[in-house]
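So the chains spell out like this:
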Amino acid sequence: MKISKALEKQNKEHPVAGMEGELDDHLYMYHMPYSYTAEQIRKIRTQIFHMTNRAIPRVIMVTSSVPSEGKTIVASNLAISIAKSEEKHVLLIECDMRKPTLYRVFKFPKSPGLSEIIQGKATIEDCLVKTPIEKFTILPAAENPPSNPSELLESRRMASIIEEVATRYSDRFIILDTPPIQATVDPKIISGQADAIIVVARYRYIKRGDFEAALDNLPRDKIIGTVLNAVDEIPAVKYKYKKYKYDKYY
Ligand SMILES: Nc1ncnc2c1ncn2[C@@H]1O[C@H](COP(=O)(O)OP(=O)(O)O)[C@@H](O)[C@H]1O
Ligand SMILES: [Mg+2]
């Protein structure tokens, strides 16, 4: 009894991915590394690491114009695939402080992250969440979304925390999972911290104009590719037709 109480406390202080159940089905790189979709993700990774015209990016931002295009799923799978293949550790930073979702994907209790670090309530180390995947750690966005209404100020602070994390963990790859560009000012400010940007576009969901507006809001020279995420919602074919396509953006 005593031991389990102590463990409970310890776990409460240090949430671990998988504590609250099986990791999300859409983490193909974890559940189905030999599936077609996982293969597409590996291709994206390979292209990132073999770009002839630029250095290998260390801080990679994943974004899109509107919600639900698959940013979090693409960022998570990409992070897992890098952790599985490269020599380095990977840190996935969730930058959407208003709508944290990584805790649901990786099944850990809602726990402090960027928001609490910004508020001085937690340190970076306090907030890191370990996962069952070797060399792969998560920094969540927030246990409690910030009440501070100054989005711009918050975004700037977030950018400086990301910079601090990137400097402190200079031996790791860092993947930034961001809020949608249209909804906030964050991605613009966050993009300042990124070496490279990947833009996710959900097939048959996003309007061309919105996609182009998103691109206009980002530093073009940092955009290394777009991922066409084909989310098929018909249950019967759910696993068959999910595709990631990677295009070089010029
Ligand atoms: N390729 C895919 N196939 C099937 N479902 C997907 C795919 N990509 C994302 N989804 C689902 O779509 C929803 C939105 O994805 P998410 O990554 O949370 O979007 P965002 O972070 O852009 O808001 C989630 O329920 C996710 O599981
Ligand atoms: Mg998301």
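Here the structure is a predicted model, which is why all the values come from computation and not from measurement.

## Digging into helix H8 (residues 151–168)
Residue pairs three or four apart in sequence face the same way in an α-helix, which turns once every 3.6 residues.
No. 1: The end-to-end C-alpha distance of H8, which contains 18 residues, comes to 25 Å, matching closely the 26 Å that a straight helix rising 1.5 Å per residue would cover.
No. 2: Of all the positions in H8, only Glu154, Ser155, Met158, Ile161, Ile162 and Val165 are classed as buried. Take H8 and look down its axis: the buried residues cluster within an arc of 120°, on one side only. Within H8, the exposed residues directed more than 90 degrees away from the buried face are Leu152, Leu153 and Thr167.

## Considerations on the confidence of the model for the protein chain
No. 1: When pLDDT is averaged along the protein chain, the result is 87, and 86% of the positions lie at 70 or above.
No. 2: For the stretch residues 234–243, pLDDT sits under 50, and the model shows eleven contacts to residues farther than four places along the chain or on other chains.

## Re the packing of helix H3 (residues 36–49) against helix H4 (residues 71–85)
The description of two helices packed together rests on the angle between their axes and the distance between the axes.
No. 1: Two elements in contact, H3 and H4, have axes separated by 9 Å at closest approach and are oriented at 70°. In terms of orientation, H3 lies roughly perpendicular with respect to H4. For the crossing formed where H3 meets H4, the hand is right-handed. Packed against H3, whose contacting residues are Ile41, Arg42, Ile44 and Arg45, the element H4 presents Asn77, Leu78, Ser81, Ile82 and Ser85 at the interface.
No. 2: The class makeup of the residues in the contact of H3 with H4 is four nonpolar, three polar and two charged.

## Brief notes about unusual backbone geometry
Where the residue is not glycine, phi is negative for most of them; where a peptide bond is considered, it is trans in most cases.
No. 1: A positive phi angle, near 65°, is found at Ser68, a position not held by glycine.
No. 2: Residue classification places Ser68 among the partly exposed positions, given that 13 C-beta atoms sit within 10 Å.
No. 3: Phi at Arg204 is positive, roughly 60°, even though this residue is not glycine.
No. 4: Position of Arg204 among the secondary structure elements: in the loop between strand S6 (196–202) and helix H10 (208–216).

What counts, and where the lines are drawn
- Residues numbered from 1 in each chain as written.
- Chains lettered and ligands numbered in written order.
- Predicted model: local features only at pLDDT ≥ 70, side-chain atom pairs only at ≥ 80, totals over all residues.
- Helix = DSSP H or I, 4+ residues; strand = E, 2+ residues; numbered from the N terminus.
- Expected span 1.5 Å × (residues − 1).
- Buried ≥ 20, exposed ≤ 12 C-beta atoms within 10 Å, placed from the backbone.
- Arc of directions from axis to C-beta.
- pLDDT = per-residue confidence, 0-100.
- Contact = placed C-beta atoms within 7 Å.
- Axes fitted to C-alpha atoms, helices over the stretch in contact; angles between N-to-C directions.
- Parallel < 35°, antiparallel > 145°, perpendicular 65-115°, else oblique.
- Left-handed = near helix turned anticlockwise from the far one by under 90°.
- Nonpolar A, V, L, I, M, F, W, Y, C, P; charged D, E, K, R; others polar.

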